[in-house]
Amino acid sequence: MKEIFAGERGGPGGTGGTPPAPAALAAKVRTLAPSMTRSMQRVAEAVAGDPAGCAALTVTGLAELTGTSEATVVRTARLLGYPGYRDLRLALAGLAAQQQSGRAPAITTDIAVDDPIADVVAKLAYDEQQTLADTAAGLDTVQLAAAVTALAGARRTDVYGVGASGLVAQDLTQKLLRIGMVAHAHSDPHLAVTNAVQLRAGDVAIAITHSGSTGDVIEPLRVAFERGATTVAITGRPDGPVTQYADHVLTTSTARESELRPAAMSSRTGQLLVVDCLFVGVAQRTYGTAAPALSASYEALAHRHRS
């Protein structure tokens with residue numbers, strides 16, 4: 001059996017490719033800020049907090065505003081996915097225009113203990129919408145298409161997740177089962193590793209972890225990676241440890257955590273969007289077999305309810 005170690009297989013690549021759209025900039029900052037140096041965080045927070053003001057600044061002006069250097073500003077722009085500061089300024093101008101037109105509203109305030117229930121509903125609805133929009137804007141469709149291709153041709157798919165991510169893993173698995181795919185969701189870390197040992201080339205393993213550092217999810221993905229299976233990570237941290245064992249990385253929006261709404265709750269929204277994208281993509285690729293399988297499952301469930 002061929003042993004493959006992290007770094008020997010092609011991964012998701014760096015920050016090259018098409019720069020993020022203006023609408024994705026704020027989401028990109030939230031996703032990458034935890035891994036930045038403090039000086040780069042100051043730059044990122046400045047451009048996300050006042051895109052119009054920063055768009056009017058030269059690289060020297062932004063460096064002075066944030067108490068950093070021109071080199072730090074350029075490095076931050078590149079980490080956010082832009083070839084240089086000029087491209088970042090263009091994105092900032094675009095984001096500012098969207099905000100002024102009302103198409104990119106500011107982030108809502110956190111839910112307070114004494115908020116009326118109507119305000120809770122409105123704030124949660126806005127937060128869900130923003131999470132979906134951020135995830136969609138930042139999702140790498142090249143990576144998504146590659147993951148769909150692997151899933152559509154897989155002999156078997158194993159999905160790993162614990163806690164709230166475990167619920168998302170179950171959701172993906174039941175969707176794949178409905179279209180005739182062989183899929184298993186594993187929340188028990190021992191069973192996950194035991195099953196991962198059985199995987200090989202032609203199989204797919206998917207790890208779902210918002211933090212990107214959940215050991216119980218990373219370990220079975222590592223085993224699957226070393227066995228030659230195609231591996232996918234769905235995570236809010238594209239720089240997290242889980243990605244070193246992932247052939248394809250699908251990034252979700254970084255959750256806006258608050259006292260009354262832990263990250264596990266809000267992160268699930270973006271994860272479910274990615275899962276739905278994967279499922280629909282696979283159903284499209286396998287429509288000849290997926291459509292009859294869906295019809296058969298609908299009929300079986302309808303018959304059960306009639307009985």
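How each quantity is defined
- Residues numbered from 1 in each chain as written.
- Predicted model: local features only at pLDDT ≥ 70, side-chain atom pairs only at ≥ 80, totals over all residues.
- Heavy atoms only, no water.
- Helix = DSSP H or I, 4+ residues; strand = E, 2+ residues; numbered from the N terminus.
- Buried < 20%, exposed > 50% of the residue type's maximum accessible area, 1.4 Å probe, protein only.
- Areas by Shrake-Rupley, 256 points an atom, 1.4 Å probe, with all protein chains shown as cover.
- Pairing = 2+ DSSP bridges.
- Axes fitted to C-alpha atoms, helices over the stretch in contact; angles between N-to-C directions.
- Contact = heavy atoms within 4.5 Å.
- Phe/Tyr/Trp six-rings, centres within 6.5 Å; stacked < 30°, edge-to-face > 60°.

## Topic: the overall build of the protein
And step 1. The helix and strand tally for the protein stands at 13 helices and 5 strands.
And step 2. The buried share among the 307 residues of the protein stands at 46%.
And step 3. Accessible area for the protein stands at about 14,400 Å²; split by element, carbon and sulfur atoms hold 57% of it.

## Here we look at the sheet that holds strand 1 (residues 157–160)
And step 1. Strand order in the open sheet formed by 5 strands is 2-1-3-4-5, and the pairing between neighbours is parallel. The open sheet has two free edges, formed respectively by strand 2 (183–186) and strand 5 (248–251), since each of these has just one partner strand. Across the sheet, the mean angle from the axis of one strand to that of its neighbour is 15°, orientation sign disregarded.
And step 2. Where strand 3 (residues 204–209) lies against strand 4 (residues 230–235), 6 bridges are found, and the strand directions are parallel. Among the inter-strand pairings, Thr 209 is bridged to a residue of strand 4, identified as Thr 235.
And step 3. Contacts between helix 10 (residues 189–196) and the sheet are confined to strand 1 and strand 2, with strand 1 contributing the most and set at about 155° to the helix.
And step 4. In this fold helix 11 (residues 215–226) packs onto strand 1, strand 3 and strand 4, with an angle of close to 160° to the strand it touches most, strand 3.

## Some words on the packing of aromatic side chains
And step 1. All chains considered together, the criterion is met by 1 aromatic pair.
And step 2. Plain terms: the ring middles of Phe 225 and Tyr 245 are 6.1 Å apart, the flat faces sit at 65° to each other, and that makes the pair edge-to-face. With Phe 225 in helix 11 and Tyr 245 in the loop between strand 4 and strand 5, this residue pair connects regions lying 20 residues apart in the sequence. One exposure class covers both Phe 225 and Tyr 245, and it is buried.

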